[in-house]
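Given next are the chains, with one letter for each unit.
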Amino acid sequence: MTLGLINANPVVHAKKERIARTEDLHGGDDAVDPLEHPYSLEQLSVLSEESITVDDKLGRILITFTPTIQHCSMATVIGLCLRVKLKHCFPPHYKVDIKVSPGSHANEESVNKQLNDKERVAAALENPNLRQLVDECLYSNEL
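We now turn to the structure provided with this report. (Residues numbered from 1 in each chain as written. Predicted model: local features only at pLDDT ≥ 70, side-chain atom pairs only at ≥ 80, totals over all residues. Heavy atoms only, no water.)

Topic: the pairing of strand E1 (residues 52-55)
Pairing analysis gives 4 bridges linking E1 to strand E2 (residues 60-65), with the strands arranged antiparallel. Paired with Asp55 across the strands is Arg60, a residue of E2. Connecting E1 to the next strand, E2, in antiparallel fashion are 4 residues, including Gly59 with a positive phi near 65°. (Pairing = 2+ DSSP bridges. Helix = DSSP H or I, 4+ residues; strand = E, 2+ residues; numbered from the N terminus.)

Let's talk about the packing of helix H3 (residues 118-126) against helix H4 (residues 128-139)
The geometry of H3 relative to H4 is characterised by a closest axis approach of 5 Å and an angle of 90° between their N-to-C directions. On the basis of their axis angle, the class for H3 and H4 is roughly perpendicular. Residue-level inspection shows Ala124, Leu125 and Glu126 of H3 in contact with H4, the latter providing Pro128, Leu130, Arg131 and Val134. Grouping the amino acids of the contact of H3 with H4 by side-chain chemistry returns 5 nonpolar, no polar and 2 charged. (Axes fitted to C-alpha atoms, helices over the stretch in contact; angles between N-to-C directions. Parallel < 35°, antiparallel > 145°, perpendicular 65-115°, else oblique. Contact = heavy atoms within 4.5 Å. Nonpolar A, V, L, I, M, F, W, Y, C, P; charged D, E, K, R; others polar.)

Quick notes on unusual backbone geometry
Non-glycine residue Ser45 carries a positive phi angle of around 60°. Within the fold, Ser45 resides in the segment before E1.

Describing the pattern of salt bridges
Counting across every chain of the model gives 4 salt bridges. Residue Asp97 is joined to Lys95 by a salt bridge in which the shortest nitrogen-to-oxygen separation is 3.0 Å. Taking the relative accessible area as the measure of exposure, Asp97 reaches 13% and is therefore buried. On the accessibility criterion, Lys95 (41% relative accessible area) is partly exposed. Salt-bridge contacts for Arg120 lead to Asp117; the nearest nitrogen and oxygen are separated by 3.8 Å. In this structure Arg120 comes out as partly exposed when scored by relative accessible area, which is 38%. When salt bridges with common partners are traced through the structure, they connect Arg60, Lys95 and Asp97 into a single cluster. (Salt bridge = Lys/Arg side-chain N within 4 Å of Asp/Glu carboxyl O. Buried < 20%, exposed > 50% of the residue type's maximum accessible area, 1.4 Å probe, protein only.)

Side note on the nonpolar core
Across soluble globular proteins, nonpolar side chains show a tendency to be buried alongside one another. Counting residues in hydrophobic clusters, the biggest one holds 31 residues, and the most contacted among them are Ile61, Ile63, Phe65, Ile78, Leu82 and Ile98. Put simply, the parts of the chain that give this core at least two residues each are E2, helix H1 (75-89), strand E3 (95-100), helix H2 (108-115), H3 and H4. Broken down by element, this core gets its largest block of residues, 9 residues, from H1. Residues within four places of Ile63 in sequence aside, it is in contact with Leu47, Ser51, Ile52, Leu82, Leu86, Asp97, Ile98 and Lys99. (Core = buried A, V, L, I, M, F, W, Y, C linked by side-chain atoms within 4.5 Å.)

Thoughts on the packing of aromatic side chains
Tallied over the full model, the rule gives 1 aromatic pair. Centroid distance Phe90 to Tyr94: 5.0 Å. Interplanar angle 55°. Geometry classified as tilted. In this structure Tyr94 comes out as buried when scored by relative accessible area, which is 14%. (Phe/Tyr/Trp six-rings, centres within 6.5 Å; stacked < 30°, edge-to-face > 60°.)

As structure tokens, then:
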């Protein structure tokens, strides 16, 4: 594990105003905290509303996120956090695809493969240390 911040000076953007929805089944990205910084994924431009596609008719969700740096070691953790959050917010029949933006990570193909392989995701979430990290990311601001 790397000591210190990987990206000590990230570019931080303002949060966008959200249109109030009658029913917020989809949850927000505020519940995911990349641990390295006290900012939301939106403020770090890792995730935006435009990078999330939900097709209720087909029961599909596509999320494309952009790590803050090419060698971001938190990319798979962020992806796991998104997957766990979506699992709690959507019915189980939804198919979820989570990918890093093309060209945004040095190991893009490997990260995408890990995040969309059911067996790898299940194995990762069975690891108590990794599961604790995911839970801390998701629920740290709710304590």
